[in-house]
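Summary of the model geometry
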Amino acid sequence: MKITLLGPPGAGKGTVAKALMAYDGSVQISTGDILRAAVAAGTELGKQVEARMAAGDLVTDELIMSIMEQRLQEEDCQQGYLLDGFPRTLPQAQALKALLQKLGEKLDCALELDIPRDVIIDRLTTRRTCTNCGEIYNVKSKPPRVEGICDVCGSEVVQRDDETEEAIEHRLEVYNEQTAPLIDFYRDEDLLVSVPTSEMEAVMEAIKSRL
Ligand code: AP5
């Protein structure tokens, strides 16, 4: 399966991607995780994007496309992939379409997680993330077995830098302005599948009926 996951911050894209990955062996490609790893490692890329990410702004289309052009041609992508957080703007969606055409590939669907705003705010303020492996937790719905420690790798579990109230509000505005138009783009491409939940059973049903 080659799927892009659409939805506002906190909709559950990362959670759904990880569950789907376990289901069919597709690889999760999260541009947010790639950028956060660069920030944590203190690379040139990390230094370039750190301030924008903490403020909840998008990084440039050029930078994202240079990362993704390379990433989508790596060996593990042959089995299929789940794009989590990419594309994020119309220019990125158009560039992805052109890139896939060049590679003789195409997306199977764009899966939109259409989650109400109050649920999103609640999820983002209660989310916790592993600093090492990126496992996603939630203090209400999925706490780690030992508080602050990742069940998977034993590293520290923390709140992300972009989870202040101000940054969350700004990320939602940025989503509405720059990413929400992709819903019409993928509807026009006849690739859009919308689900009003990120519960795995409903998500799997929607994907299976689409494929
Ligand atoms: P990114 O990392 O992509 O963040 P995001 O899109 O804001 O999405 P999140 O990771 O916050 O949420 P999610 O939808 O994955 O939800 P999750 O599964 O964690 O991007 C971060 C930044 O990087 C951007 O602001 C930008 O600066 C930059 N960037 C990244 N990609 C870019 C691009 N393409 N172009 C430009 N800039 C880019 O779930 C949230 C919580 O809800 C968790 O606690 C989870 O446990 C819980 N939860 C999930 N599902 C359920 C459920 N069914 N029931 C109960 N709880 C649930």
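Residues numbered from 1 in each chain as written. Predicted model: local features only at pLDDT ≥ 70, side-chain atom pairs only at ≥ 80, totals over all residues. Heavy atoms only, no water.

**Points about helix H2 (residues 31-41)**
- Where H2 is concerned, the buried positions are Thr 31, Gly 32, Leu 35 and Ala 38. Down the axis of H2, the buried set is contained in an arc of 130 degrees. They therefore lie on one face. Exposed side chains of H2 directed beyond 90 degrees from the buried face belong to Ala 40 and Ala 41.
- Buried residues belonging to H2 abut strand S2 (27-30), helix H3 (44-55), helix H4 (61-71) and strand S3 (81-84).
- Where H2 ends, the next residue or the one after it, Gly 42, has phi of about 70 degrees, a positive value. (Buried < 20%, exposed > 50% of the residue type's maximum accessible area, 1.4 Å probe, protein only. Helix = DSSP H or I, 4+ residues; strand = E, 2+ residues; numbered from the N terminus. Arc of directions from axis to C-beta. Contact = heavy atoms within 4.5 Å.)

**Examining the nonpolar core**
- Core analysis: the largest hydrophobic core is formed by 30 residues, its most contacted members being Leu 72, Tyr 81, Leu 83 and Tyr 186.
- Sorting the residues of this core by element identifies S2, H3, H4, S3, helix H5 (90-103) and helix H8 (181-188) as the ones contributing at least two each.
- Broken down by element, this core gets its largest block of residues, 5 residues, from H4.
- Within the second largest apolar cluster, 21 residues are counted, among which are Val 16, Ile 168, Val 193 and Val 195. (Core = buried A, V, L, I, M, F, W, Y, C linked by side-chain atoms within 4.5 Å.)

**Description of the sheet that holds strand S8 (residues 192-195)**
- Pairing within the open sheet is parallel, and its 5 strands lie in the order S2-S3-S1-S4-S8. With one partner strand each, in any of the chains shown, S2 and S8 form the two edges of the open sheet. Recorded for the sheet is a direction-independent mean angle of 20 degrees between the axes of neighbouring strands.
- Across 4 bridges, the pairing between S2 and S3 is parallel. Opposite Val 27, over in S3, you have Tyr 81 as the bridge partner. (Pairing = 2+ DSSP bridges. Axes fitted to C-alpha atoms, helices over the stretch in contact; angles between N-to-C directions.)

**Some remarks on the sheet that holds strand S6 (residues 136-138)**
- With antiparallel pairing, the 3 strands of this open sheet are ordered in space as S6-S5-S7. Strands at the two margins of the open sheet, each flanked by one partner only, are S6 and strand S7 (157-158).
- Where strand S5 (residues 127-130) lies against S6, 3 bridges are found, and the strand directions are antiparallel. Bridge pairing links Arg 127 to Asn 138 in S6.
- Those strands touched by helix H6 (residues 117-126) are S5 and S6, and its axis lies near 45 degrees from that of S5.

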